[in-house]
Structure formats: C-alpha cells, structure tokens
Amino acid sequence: MKICIRTPSDFRFRSAVCSHGFFALAPNRWHPPTRTLHTVVGLDASAAVGVAIREGPGRVIVIESGDELPAPRRAAVGRAVRRILRVDEDLSAFHRRCRASPGHARAASIGFGRLLRSASLFEDIVKVICTCNTTWRQTTAMVRGLVAWGTPAEQSGGNQDGPARAFPTPQQLAGVRETALKKRARVGYRSAFIRRLARDVADGRLDLGELESFDGPSDELYQRLKHIRGIGDYGAANLCMLLGRYDRLAVDSEMLRLFRQRHPERAWTPADLRAYYECWRPFQFLAYWFDLWQDYVERHGQADQWWPNTTGQAITNPRPAAGAARIRQGP
C-alpha cells in the first residue's frame, strides 16, 4: 500500500514530526537514518495496520505498508496521518509574526508549529494524563505499557523492531481493571482517570467528536476539557494546543525551569510567564514551545537525530550524559 498526501507550502515534515515529545511515545517510533516515522494506526477494535511515513518529492508525504488495503481502510489511514501531522492546519499568521520577531524568525524558516499529535483525541487525552506529575522517561514507559492492550498490527510498516500494536481504543481500556493498569502499565493513581475516561467514551457519556469540532471560544473549550477527570489547568492547556488552540500556556516546572535558568535575576511565577507571552496572542503556546524546544536542541542536538530509546526518553534531562533527574511535569 502506498498513499501520497499533498502538503501546503509551509509544511516541513521533520519539523512536524520532531518538534514535540509525542514522536517518542508508542506506538510512534522515529528512525533517524531514514527520517521515517513508523506507527500503528488502529482502524477499529479488531484491526490495525503498521505504516511508515516519510517525506516524498514535491511537497508530498508518502505512507507505506506491506499489503494493499481496501479503499475504506486506505481512507482511514490517510485521515489518521493528516491528523497526526496536522496537514490541514493554517499557520501562516503565526509564521508572519515569527518573521517579525528576531528571536523567532527561525521558527518560520523551518515551518515550526505543527506539533505532532495522535491519531485520535482519546489517545491525546490519555497521553497528556500520563505527563502529569512524573518524569518524561516514566511517561514513555507508561504509554508503552498501555499500548500492550492495543490491537496487533496486521503489517509492520517496515519497522520490525518497533511497536506492533495500535494505541488501545476506549472499549479496550474500559475493560481493563485499575489494578492491571497499575501493575502492567505502572500508571499509578492515573489508572482511575484513564479507566473512567475510557468508560465514559465507550458508553457514550463523553462525545470527543463534539470537543474535536468545537468552534466556540477557547475559554469555553478549556473549561469543557477540565470537566474530564484527571485534566486540570496544565492538561487542559495542552489539549487546547493539540486541538489547534494556542492561546493558553501549560505552565509546569519545565517552563519555570527554562525562565529561571535564562533569567536568574528574577523569581518567575506562572503569572509572569503568561504576561511575558501575552504579546503573542493567540499563539502564546507556539512561541513558548519554540523557546523550550530550542533549549532541548541545544542540549541534545537536532531532534531528527534523536533515537526513541535513548535521547527520546531523556529530552528533559539536563545533558545527554546526565542521570535520571526527576523533573516534575504538570500542575
């Protein structure tokens, strides 16, 4: 199977994949030598397909798998990849702002801003829950453990060593006991939140499609997201970003660490950070994330050279050779 997707003029494949930590979370697996993203797309509760996604000539994304798929499944894979890479998002206004800002001009030149997300909002929410009050290395382990309940891939997508399952559906996680989530995925107290979310979606009490298509004010979307058990201010701001709303900052210890390190002459507070990026409205999150991601690149080198099992698990470490320093994320 081979699918080609045309991309807009400001789309940059490596920037779209390697500008957000989700590219190091299962079922994603980035392969630096070939600059290929391997992942597993769940088609339904009983079918999943492994795919390899790479950049093709002439502003094209190429999606490949081992066998041909019927038209409905090809369309489902195409939709999933468009969502993952945010192909249809218009960032031209943000890039114009960047070109006018000396400190952010490079963001426009590399097409920065399409921060990788998941094939579904359900997967996004669970992964955000797994970033709260923990280290990044532990986040990667938790998500890897959760994927063990997903549907096995029919094809490997050319990645024999990568994950062989899709991220589990709400129905699949709804049937897992909290004790099993704690023991096998080591998600701790998050098990109650993850199982409640899965059951609410599976039973129709929570309509994620409504949140995905919501076109009202960002403040209202933010409040709706906070009604999900396990999602607080930090989580709701991150999910707003994943839904294409960038006027909220997900203030956590990493954000405070960056500013206290670069501007030690003052004691930064969450209110200070929000005021600092207010001039970027409605793109506060993207401007901040560019600053933070460049800090990671300075420490570890270009992100498209990060292997998922090494640097990909140590993004927040002070330096590549550092030990597993505990950095608290989230509220």
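Residues numbered from 1 in each chain as written. Predicted model: local features only at pLDDT ≥ 70, side-chain atom pairs only at ≥ 80, totals over all residues. Heavy atoms only, no water.

Caption draft 1: Examining the layout of surface pockets more closely. Approximately 420 Å³ is the volume attributed to the largest pocket. Elements represented by at least two residues in the lining of the largest pocket include exactly strand 3 (36–44), helix 2 (71–85), helix 5 (121–129) and helix 7 (170–174). It is strand 3 that provides the largest number of residues to the lining of the largest pocket, a total of six residues. Considering only residue class, the lining of the largest pocket consists of 14 nonpolar, nine polar and four charged. (1 Å grid on protein atoms, 1.4 Å probe; cavity = no way out; pocket = protein on both sides within 12 Å on 5 of 7 lines; lining within 4 Å. Points joined across faces, edges and corners; volume = space filled by probe spheres on them. Helix = DSSP H or I, 4+ residues; strand = E, 2+ residues; numbered from the N terminus. Nonpolar A, V, L, I, M, F, W, Y, C, P; charged D, E, K, R; others polar.)

Caption draft 2: A look at the sheet that holds strand 4 (residues 47–56). Pairing in this open sheet of five strands is antiparallel, and the strands run 1-5-4-3-2 from one edge to the other. Of all strands in the sheet, those with a lone pairing partner are strand 1 (2–6) and strand 2 (29–31), marking the two edges. Going from strand to strand, the sheet's axes swing by 30° on average, the running direction of each strand aside. Examined bridge by bridge, strand 3 and strand 4 share seven bridges and lie antiparallel to one another. Across the sheet, residue D44 finds its bridge partner in strand 4, namely A47. The sheet strands contacting helix 2 are strand 1, strand 3, strand 4 and strand 5 (60–64), and the helix crosses strand 1 at an angle near 45°. (Pairing = 2+ DSSP bridges. Axes fitted to C-alpha atoms, helices over the stretch in contact; angles between N-to-C directions. Contact = heavy atoms within 4.5 Å.)

Caption draft 3: Local environment of the nonpolar core. If you look at the biggest cluster of nonpolar residues, it comprises 106 residues, and the most contacted ones within it are I63, V77, L85, L146 and W293. If you tally residues by element for this core, the top one is helix 15 (residues 284–300), at 10 residues. W293 has contacts with C18, S19, H20, G21, F23, F112, A303, W306 and I315, leaving out every residue within four places of it along the chain. (Core = buried A, V, L, I, M, F, W, Y, C linked by side-chain atoms within 4.5 Å. Buried < 20%, exposed > 50% of the residue type's maximum accessible area, 1.4 Å probe, protein only.)

Caption draft 4: Spotlight on the pattern of salt bridges. Inspection of the entire model under this criterion finds 23 salt bridges. The salt bridge involving D200 is made with R205; its shortest N-O contact spans 2.9 Å. The exposure class of R205 is exposed, given its relative accessible area of 54%. Note that D272 is salt-bridged to R266, the shortest N-O span being 3.4 Å. Here D272 falls in the partly exposed class, since its relative accessible area comes to 21%. The structure contains a network of salt bridges with shared partners spanning E254, R257, R262, D295, E298 and R299. (Salt bridge = Lys/Arg side-chain N within 4 Å of Asp/Glu carboxyl O.)

Caption draft 5: Representation of the side chain of S218 in the model. Tracing the sequence through the fold places S218 in helix 11 (residues 218–226). At 3.2 Å, the side chain of S218 forms a polar contact with the side chain of D247. (Polar contact = N/O pair within 3.5 Å; in protein donor to acceptor, adjacent residues only side chain to side chain.)

Caption draft 6: Expanded view of helix 3 (residues 92–99). Those residues of helix 3 that sit buried are F94, H95 and C98. End-on, the buried residues of helix 3 take up no more than an arc of 95°, which puts them together on one face. Counted as exposed and oriented over 90 degrees from the buried face of helix 3: R96 and R99. (Arc of directions from axis to C-beta.)

Caption draft 7: Fine view of the packing of aromatic side chains. Counting across every chain of the model gives 19 aromatic pairs. Taken together, the ring pairs in this structure connect F23, F259, W268, Y276, Y277, F285, Y288, W289, W293, Y296 and W306 into an aromatic cluster. Between the NZ or CZ atom of R248 and the centre of the ring of Y222, over which it lies, the distance is 3.8 Å. (Phe/Tyr/Trp six-rings, centres within 6.5 Å; stacked < 30°, edge-to-face > 60°. Lys NZ or Arg CZ within 6 Å of the ring centre and 35° of its normal.)

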